[in-house]
Amino acid sequence: MNRLLLKWNVGLLALPLLLWIVLLIILPLSDLFISSFQEKVGVGVFEWGLGNYQAFLQEPFYWQTFIRTVLFSIIATMATLGVAFPVAYYIAKVARGRVKSMLFVLCLLPFWVSELVRNYGWMIILRESGLLNHFLMKLNLITQPIEFLYRDATVMMGLIYTSLLFMVVPLVVVLENLDESLLEASDDLGGGRLISLRRIIIPHAMPGIVSGCIMVFMLTLGNYLTATLLGGKESLWFTEHIYNQFMTRWNWELGSAMGFLLLVVSSALVWLGLRMTGQKLNKVMT
Amino acid sequence: MSQRSVKVLAGIHKLYIVFFFAYLAIPLILVALFAFNDAPYPALPWRGFTLEWFLGNKGVFQDERLMDGLKVSFSVASMVTFLCLLIGTLNAFLFERRSFPGKGILYFLMLAPLVVPGVILGVSILIFSHTLTNGIEGFLGIETEILRPGLLLVTLGQFAFITTVTTLVISARLRKFDRMQEEAAFDLGASHLHVLTTLTLPYLKPALISSGIVAFLMSFENFNTTFMLVGSDAPLTITLFDSLRQGATPVLNAVSVLLILASGVLVAISLFVQKVDYILDEHSK
Amino acid sequence: MTFALECRSLSKRFGSFSAVSDVSFTISEGSFFSILGPSGCGKTTLLRMISGFCEPDKGDIVIHSRSMRGILPNARPVNMVFQQLALFPMMTVFENIAYGLRCRKVSKKKISFHVEEVLNRVGLAQSGSKKIDQLSGGQKQRVAIARCLVLEPKILLLDEPLGALDLKLREHMKIELKKLQTQLGTTFLYITHDQSEALVMSSHIAVMKEGRIEQIGTPQALYQSPKSSFVAQFVGDNNHWRGKIVQFCEPYVEVQTEEGWKLKALYSSSFQVGDRVDIFVRPEAMLVKSGEKKPNGWVNCFEGLVSSVVFNGGTRDLWVNVRGGNGSSFSKELKVTLPAQKGDGEACLPSGRAVEVGWDALSSHVLKVGVK
Ligand SMILES: Nc1ncnc2c1ncn2[C@@H]1O[C@H](COP(=O)(O)OP(=O)(O)O)[C@@H](O)[C@H]1O
Ligand SMILES: [Mg+2]
């Protein structure tokens, strides 16, 4: 085939991809970056400077929320891993045949329902007039209804719930490929369960663990719905600050600075996670 | 380890699984249940079964705001699905069938939307569209309404990250295609286009269907990106969110039931297609 | 005279590796032409150039006097049966065969007529509605061939089409293919690494080695007078020695082999004392005798022990272990093929028996080393 024709061909095929990446990802993110360094000095007049970042640092409410959000996301990620691992192991290595595929599908189903609906379910259960209080009162365990919503623990629980799918699926996939004879060999050699887990199962599952953790961490850090609906004023999430700067305070420049910080931290932690476990992004994501 | 403790451990594991699935299912079951409770609030006590919240005067189907939201969501999701499948397919051919300098970098960039939080993607597109609108106004003196927050931006914003998903799914399928078949068809006198429509696309069909369904659902339930870009026409998730903040009503439960059913059906179709796909694969070995 | 196919000094390189170099041959119409060579020698590359999937770096391909330069595979009057068949799994047998006709926009009626006809011809008359995965290996093979034949190609290209079949089916399909070709009269260009396939089916064979053609000829010519050591060893079995001509003794030359044997071969005027030569003797040309009496009149004769006997039905192969001459420590296994049902004692030589083996100078084939 003609060389030139082939080049054109590649060019044409790559055009939509380039348009997509450049117009919807690179330029907007660059604009976010640029905007974060602009300070409003008058109506429609801007100057370059670090003012937005200074404003961020000078307001403890902002940076405390920021640190809290990052820490909570890390904790939520670890907790999700802890909750999901036994389930993934059960589906991949204990359950057989139809039960196995049924459990797997059951695991997926809730997550195709809008996050809003899922949180709504939790709200029905946990609010002051909710089901949990109703039952606790019926059982005479409490006399006054307790507000379970708007607490950190509740937010954490909701975040784990929302993230489970993204942890279970990659874990099941890697554990499926774990050769059972390895486990038998380990048992045979007198290795206890814990040793098998530490020496064989976890190293084998590492790609799945990393990819699950990255997804969960990203989703948690960028979460808005669960944090707003289950958390209250006292358990503010950083995305809510960003939203407020854009939609209610109308301070886009500060919002951009905050958004950019969130992006940097999330990318950095993802990178660090990949680095520490020796994985590659394109391997992990496919 | 003794036989007994192994058994106990297995029992605990099983119990854990039971609790886990209860944890998954209970919120959804309860949401659904209270759509049928004959009471103005989704709370106990149970006051008897009713379809009022679906069919009644104050039911979902009479609620104009929700119905509008549903329509908007549907059209946005359809558009997003179409675009994501189209571009995802082109991307799959580009990455699986062509080699060119910078391919690795481009692939990495293609994955990037997955690691950009949805809120950030939303606000950055918002800022960029604002910059563009101002730029156009400054240079050409034309006011462009089209790039103000609204359905176009919502569609583009969702498209921006869902395309990565369709690209990955379609590429994975295309990678498994036996290219010898294409050569054979070509040898039998088929044109490139004919080969594409009679062999390659039919082979991709299961991946197109299931990634199309995934794209549709992701678009339909997307909140984070949409929230930042929405204008006066709000998709269903936004409408629901506003209603929820004003207070829970059984109508919201009724909408949720419809959403649960719809996603259930779509997921079932997608699973069925994947299963057929799997069977086909086994046979062609 | 016009040929069905002419290849004129075709060359193809992949990077610095030369996959096909300077290959020229002609195929006359209606013949069954095979290209035979070990795997990796460039056969598939050559075929892909002819079918148009790969552009030659140098040279030209001419089909029925028409140069194929710049003509895409879908416009060439040749069709290819792929090594892995490449049938379309989501289509029925009928649809597979009709595919090419549909591309040509033939009317529905004509398509079904032609497809039925070709199905008959390959013996799959009732299988049109079957799915590909319902067919056996041999049937798939025939569908792959029928899919090409229905287009009435000028030349049918077959890339090791029997490679995927089991042994028995392969033996059967060899004969089938040959019959089919005779009956159709279509020119077949057949690629294989299996010399017995090539010998059985072909009217002409080109032997390839490392991207070059070593020899072209009829199966008989290749078998009886190979022009190179490679051909002699690759086509059929041969017992082989390498040595040096030490003296002339009319009508023979005497050759001292590397192992220390002295062999006699027929004199040829091109030989000179000191030439290095290869000597080949076909197993069926070997003579063998046991017992007290020395055989007389054998020009080459050695003592040996039968080390193993392989019964092949019509024939028997003996492996005879012969020790090197002059008390040297070398020894060599010689293969001797005998007709199986020979009434006398020689036919049932068990292993372990001491025998005399030899051959007539006429039966050996001598090639000078390093000369083509
Ligand atoms: N597309 C290619 N790129 C690089 N090397 C190739 C390519 N196709 C074939 N080769 C090399 O050319 C040689 C001949 O291959 P091939 O024609 O397939 O051999 P055969 O069919 O005789 O087994 C092999 O060494 C192979 O590795
Ligand atoms: Mg080959």
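The following refers to the structure shown. Only a predicted model underlies this, so the values are computations on that prediction, with no experimental measurement involved.

It is common to report an interface's size as the accessible area lost on association of the parts. Opposite the 80 residues of chain B that make contact, chain A presents 81 residues. Both faces considered, chain B and chain A share a buried interface measuring about 7,300 Å² in area, 82% of it formed by carbon and sulfur atoms. At the boundary of chain B and chain A, one finds one salt bridge. The shortest N-O distance in the salt bridge between Arg118 of chain A and Glu221 of chain B comes to 3.8 Å. Applying the counting rule to chain B against chain A returns 14 residue pairs in polar contact (both at pLDDT 80 or more). In terms of residue count, helix 1 (residues 3–33) of chain B provides more of the side of chain B that touches chain A than any other element does, 14 residues in total. Classifying every residue of the side of chain B that touches chain A by side-chain character gives 62 nonpolar, 14 polar and four charged.

All names here are of chain B. As a packed pair, helix 4 (residues 103–111) and helix 6 (residues 151–176) sit with axes 9 Å apart at the nearest point and diverge in direction by 125°. If you check the angle between helix 4 and helix 6, you find them oblique. Along its contact with helix 4, which presents Tyr107, Met110 and Leu111, the element helix 6 presents Thr164, Thr167 and Leu168. A breakdown of the residues in the contact of helix 4 with helix 6 according to their chemical character gives four nonpolar, two polar and no charged.

Before going further, it helps to examine the site of ligand 1. Residue and element names in this part refer to chain C. Near ligand 1, the surroundings consist of Phe14, Phe17, Ala19, Ser39, Gly40, Cys41, Gly42, Lys43, Thr44 and Thr45. A distance of 2.6 Å separates an oxygen atom of ligand 1 from a polar atom in the side chain of Thr45. Out of a free accessible area of 560 Å², ligand 1 has 56% covered by protein chains. Within the residue set of the shell around ligand 1, elements represented by two or more residues are strand 2 (17–27) and helix 1 (43–51).

In this assembly, 18 residues from chain B lie in contact with 23 residues from chain C. Across the chain B-chain C interface, the total number found is one salt bridge. Our count for the contact surface shared by chain B and chain C stands at five residue pairs in polar contact (both at pLDDT 80 or more). When residues of the side of chain B that touches chain C are assigned to their parent elements, the largest contribution, seven residues, is made by helix 7 (residues 179–187) of chain B.

Quick look at the packing of aromatic side chains now. In total, this model carries 41 aromatic pairs over all chains according to the counting rule given. Judged by centre distance (5.2 Å) and plane angle (80°), the ring pair of Phe33 of chain A and Phe37 of chain A falls under edge-to-face. By relative accessible area, which is 36% here, Phe33 of chain A ends up partly exposed. Their ring planes at 10° and their centres at 5.4 Å tell us that Phe230 of chain C and Phe234 of chain C sit as a pair that is stacked. Placement of the pair is Phe230 of chain C and Phe234 of chain C together in helix 8 (residues 229–234), with a separation of four residues, close to one helical turn. Put simply, the rings of Tyr224 and Tyr243 of chain A together with Phe223, Phe227 and Phe241 of chain B pair up and form one aromatic cluster. The ring of Phe72 of chain A has Arg68 of chain A sitting right over it, with the charged end atom 4.7 Å from the ring centre. Stacked on the ring of Tyr203 of chain B, the Lys or Arg Arg173 of chain B has its end atom at 3.8 Å from the ring centre.

Looking now at the sheet that holds strand 5 (residues 66–67) of chain C. Strand pairing in a sheet relies on backbone hydrogen bonds, with the paired strands running either antiparallel or parallel. Residues and elements named next belong to chain C. Judged by pairing direction, the sheet is antiparallel, and its four strands sit side by side in the order 2-1-4-5 without closing on themselves. Of all the strands in the sheet, the pair left with one neighbour each is strand 2 and strand 5. Direction of pairing for strand 4 (residues 58–63) relative to strand 5: antiparallel, over a ladder of two bridges. Paired with Val62 across the strands is Ser67, a residue of strand 5.

Residues and elements named next belong to chain A. A contiguous nonpolar patch, built from Trp8, Leu12, Leu15, Leu18, Leu19, Val22, Leu23, Ile26 and Leu27 and spanning about 810 Å² of accessible area, is present on the exposed surface. Along the chain, Leu27 falls in helix 1 (residues 3–36). Using a relative accessible area of 33% as the deciding quantity, one classes Leu27 as partly exposed.

The next thing to look at is the environment of Trp46 of chain B. Residue and element names in this part refer to chain B. Mapped onto the elements, Trp46 comes out in the loop between helix 1 and helix 2 (52–55). Overall, Trp46 belongs to the partly exposed group, its relative accessible area being 41%. Along the primary structure Trp46 and Ala77 are separated by 31 residues, whereas in three dimensions their C-alpha atoms are 36 Å apart. Those residues in contact with Trp46 that sit more than four places away from it in its chain are Leu33, Phe36 and Asn37.

Rules of the game
- Residues numbered from 1 in each chain as written.
- Chains lettered and ligands numbered in written order.
- Predicted model: local features only at pLDDT ≥ 70, side-chain atom pairs only at ≥ 80, totals over all residues.
- Heavy atoms only, no water.
- Contact = heavy atoms within 4.5 Å.
- Buried area = accessible area lost by both parts, 1.4 Å probe.
- Salt bridge = Lys/Arg side-chain N within 4 Å of Asp/Glu carboxyl O.
- Polar contact = N/O pair within 3.5 Å; in protein donor to acceptor, adjacent residues only side chain to side chain.
- Helix = DSSP H or I, 4+ residues; strand = E, 2+ residues; numbered from the N terminus.
- Nonpolar A, V, L, I, M, F, W, Y, C, P; charged D, E, K, R; others polar.
- Axes fitted to C-alpha atoms, helices over the stretch in contact; angles between N-to-C directions.
- Parallel < 35°, antiparallel > 145°, perpendicular 65-115°, else oblique.
- Near = heavy atom within 4 Å.
- Areas by Shrake-Rupley, 256 points an atom, 1.4 Å probe, with all protein chains shown as cover.
- Phe/Tyr/Trp six-rings, centres within 6.5 Å; stacked < 30°, edge-to-face > 60°.
- Buried < 20%, exposed > 50% of the residue type's maximum accessible area, 1.4 Å probe, protein only.
- Lys NZ or Arg CZ within 6 Å of the ring centre and 35° of its normal.
- Pairing = 2+ DSSP bridges.
- Patch = residues over 30% accessible without salt bridge, like charges linked within 9 Å, V, L, I, M, F, W, Y side chains within 5 Å.

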